[in-house]
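Listed below are the residues making up each chain.
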Amino acid sequence: MQSPLLELQLRNLKLAAILENYRARLGEHTEPLPYLCDLIELEIAKRQENGTRARIAAAHFPTIKTLESFDFALQTQLPKAKLLEHFDGGFVTAHRNLILSGPPGVGKTHILCALGLALCTRGHRVRFTTAAALLMRLIAAKRDGTLQREYRTLDRLDVLLIDELGYIPFEREATDLLFQLISQRYERRSIALTTNLPFEKWTQVFPDEMTATAVIDRLVHHGAVFAFTGQSHRLRTRGKEPKSA
Ligand code: ADP
Ligand code: MG
């Protein structure tokens, strides 16, 4: 049975999953109410899937990484269970932060991306950026007179993922903008970041100790710090790649 009028109305109401399935599912049911519930469930599932897909696209992950492909046996020092608690998004609703620190190649960006992906599927608005790209963006916005708009855009994110803080030293102007951003998010929105620097060396990238301390204070006050250790995965796996003839 087909109903052109119903199809038109379903299209108008943007009930795409019901439109797609109402004929096929009809045969599976004898009672109208379970039939309707079945269709509504399909619609909800489809919307969740579409929402997740849109959030993942908006997050701009550099690569798609998952927890499944992360070998925790290589990070024996890492409190795995404590880190995994963050993947259910509780820290985002509590407006807490997460800091992943350690040397290059030990999986910090991998975990940051995997975390971001998990948060997208749980309905959180996420954005991935490197610290350098974020600061360039803020500086450009300041020059263009659009800084407040840029801050408002960032403020709509539930979690801002900042990769590679500490790789390059910041100018005073950049530090001030970063400090402002971190202060705005403090106790309101979450930040998850990776850094190659232990806190005592943050003064190397910030223009003075006071600013470094102020930034660290705000990040760590309601935050968890995870120290990654070990040898670079890039170096370790390099010799194992198939050799070209
Ligand atoms: P970092 O951000 O700490 O410099 P990355 O996350 O970029 O390191 O890791 C470098 C590469 O090694 C990536 O391809 C990543 O997926 C992989 N990698 C690092 N650690 C692990 C691990 N424990 N298990 C699986 N892959 C890993
Ligand atoms: Mg990295």
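Please refer to the structure placed before this passage.
These lines cover the structure that appears in this document, whether it is placed above or below. As the structure is a prediction and not an experimental result, all values here were calculated from the model.

Conventions used here
Residues numbered from 1 in each chain as written. Chains lettered and ligands numbered in written order. Predicted model: local features only at pLDDT ≥ 70, side-chain atom pairs only at ≥ 80, totals over all residues. Heavy atoms only, no water. Helix = DSSP H or I, 4+ residues; strand = E, 2+ residues; numbered from the N terminus. Rg over C-alpha atoms; globule rule 2.2 N^0.38 Å. Buried < 20%, exposed > 50% of the residue type's maximum accessible area, 1.4 Å probe, protein only. Areas by Shrake-Rupley, 256 points an atom, 1.4 Å probe, with all protein chains shown as cover. Lys, Arg positive; Asp, Glu negative; His and termini not counted. Charge placed at Lys NZ, Arg CZ, Asp CG, Glu CD. Disulfide = S-S within 2.5 Å. Patch = residues over 30% accessible without salt bridge, like charges linked within 9 Å, V, L, I, M, F, W, Y side chains within 5 Å. Salt bridge = Lys/Arg side-chain N within 4 Å of Asp/Glu carboxyl O. Pairing = 2+ DSSP bridges. Axes fitted to C-alpha atoms, helices over the stretch in contact; angles between N-to-C directions. Contact = heavy atoms within 4.5 Å. Near = heavy atom within 4 Å. Polar contact = N/O pair within 3.5 Å; in protein donor to acceptor, adjacent residues only side chain to side chain. Left-handed = near helix turned anticlockwise from the far one by under 90°. Nonpolar A, V, L, I, M, F, W, Y, C, P; charged D, E, K, R; others polar. Arc of directions from axis to C-beta. Parallel < 35°, antiparallel > 145°, perpendicular 65-115°, else oblique. Right-handed = clockwise from strand over helix to strand, strands pointing away.

Attention now moves to the overall build of the protein. When helices and strands are tallied, the protein shows 11 helices and five strands. What you see for the protein is a C-alpha radius of gyration of 23 Å, clearly larger than the 18 Å of a compact globule of 245 residues, by over 25%. Taking the principal axes of its C-alpha atoms as reference, the protein extends roughly 75 × 55 × 40 Å. In the protein, which comprises 245 residues, the proportion classed as buried is 40%. For the protein, the exposed area adds up to about 14,100 Å²; of that, 56% sits on carbon and sulfur atoms. In the protein, the 33 positive side-chain charges and the 27 negative ones have mean positions that sit 3 Å from each other.

Looking now at the state of the cysteines. What makes a disulfide is a covalent bond joining the sulfur atoms belonging to two cysteines. Summed over all chains, the structure comprises zero disulfides. Free cysteine C120: the closest other cysteine sulfur is in C113, separated by 11 Å.

This paragraph deals with a nonpolar patch on the surface. The grouping of L33, L36, I40 and I44 at the surface amounts to a nonpolar patch, some 380 Å² of accessible area in total. Along the chain, L33 turns up in helix 3 (residues 32-59). The class for L33 is exposed, based on a relative accessible area of 59%.

On to the sheet that holds strand 4 (residues 190-195), then. Spatial ordering of the open sheet is given by 2-3-4-1-5, a layout of five strands whose pairing is parallel. Two strands close off the open sheet at either side, each with one partner strand: strand 2 (126-130) and strand 5 (223-227). Recorded for the sheet is a direction-independent mean angle of 15° between the axes of neighbouring strands. Together, strand 3 (159-165) and strand 4 form the strand contacts of helix 9 (residues 172-185), whose direction differs from that of strand 3 by roughly 145°.

Our focus in this paragraph is the site of ligand 1. Around ligand 1, a shell composed of 15 residues is seen, among which D71, G105, K108, T109 and H110 lie nearest. Within the side chain of K65, an N or O atom sits 2.9 Å from an oxygen atom of ligand 1. In this structure, G107 approaches ligand 1 through a main-chain N or O atom, which is 3.1 Å from an oxygen atom. When ligand 1 sits alone it has 560 Å² of accessible area, and the protein chains cover 85% of it.

So, about the packing of helix 3 against helix 6 (residues 108-121). Taken N-terminus to C-terminus, the directions of helix 3 and helix 6 make an angle of 145°; their axes are 8 Å apart at the nearest point. Relative to helix 6, helix 3 is oriented so that their crossing is right-handed. Across the interface between the two elements, T52, R55, I56 and A59 from helix 3 touch L117, C120 and T121 from helix 6. For the contact of helix 3 with helix 6, the class distribution of residues is four nonpolar, two polar and one charged.

On to helix 8 (residues 147-155). L147, E150, Y151, L154 and D155 are the residues of helix 8 that are buried. One side of helix 8 holds all its buried residues, which, seen down the axis, span an arc of 140°. Turned more than 90 degrees from where helix 8 packs its buried face, R149 and R152 sit exposed. Elements in contact with the buried residues of helix 8: helix 7 (131-144), strand 3 and helix 9.

What follows is about the pattern of salt bridges. Overall, the coordinates contain 13 salt bridges when judged by the stated rule. Between R53 and E49 there is a salt bridge, with its nearest N and O atoms 3.0 Å apart. One end of the pair, R53, and the other, E49, are both in helix 3, four residues apart, so they sit about a helical turn from each other. Accessibility expressed as a relative area gives 48% for E49, which makes it partly exposed. R137 is the partner of E150 in a salt bridge, and the nearest nitrogen-oxygen pair spans 2.6 Å.

This paragraph deals with the packing of helix 7 against helix 9. The N-to-C vectors of helix 7 and helix 9 enclose an angle of 100°; their axes lie 10 Å apart at closest approach. One way to sum up the angle between helix 7 and helix 9 is to call them roughly perpendicular. Side by side, helix 7 and helix 9 meet where L134, L135, L138, I139, K142 and R143 of the first sit next to E173, A174, L177, L178 and L181 of the second. Of the residues in the contact of helix 7 with helix 9, the class split is eight nonpolar, no polar and three charged.

Glancing now at the pairing of strand 3. On a regular strand, each side chain points to the face opposite its neighbour's, so the side chains alternate between the two faces of the sheet. Of all seven residues that make up strand 3, six are buried, and the element is covered over most of its length. In this sheet, strand 3 lies alongside strand 2 in parallel orientation, the contact comprising five bridges. Across the sheet, T130 pairs through a bridge with D163, a residue of strand 3. Bridge count for strand 3 against strand 4 is five bridges, and the pairing is parallel. Across the sheet, the residue bridging to L165 is T195, located in strand 4. In the classification by handedness, the crossover that spans strand 3, the intervening helix 9 and the parallel strand 4 is right-handed.

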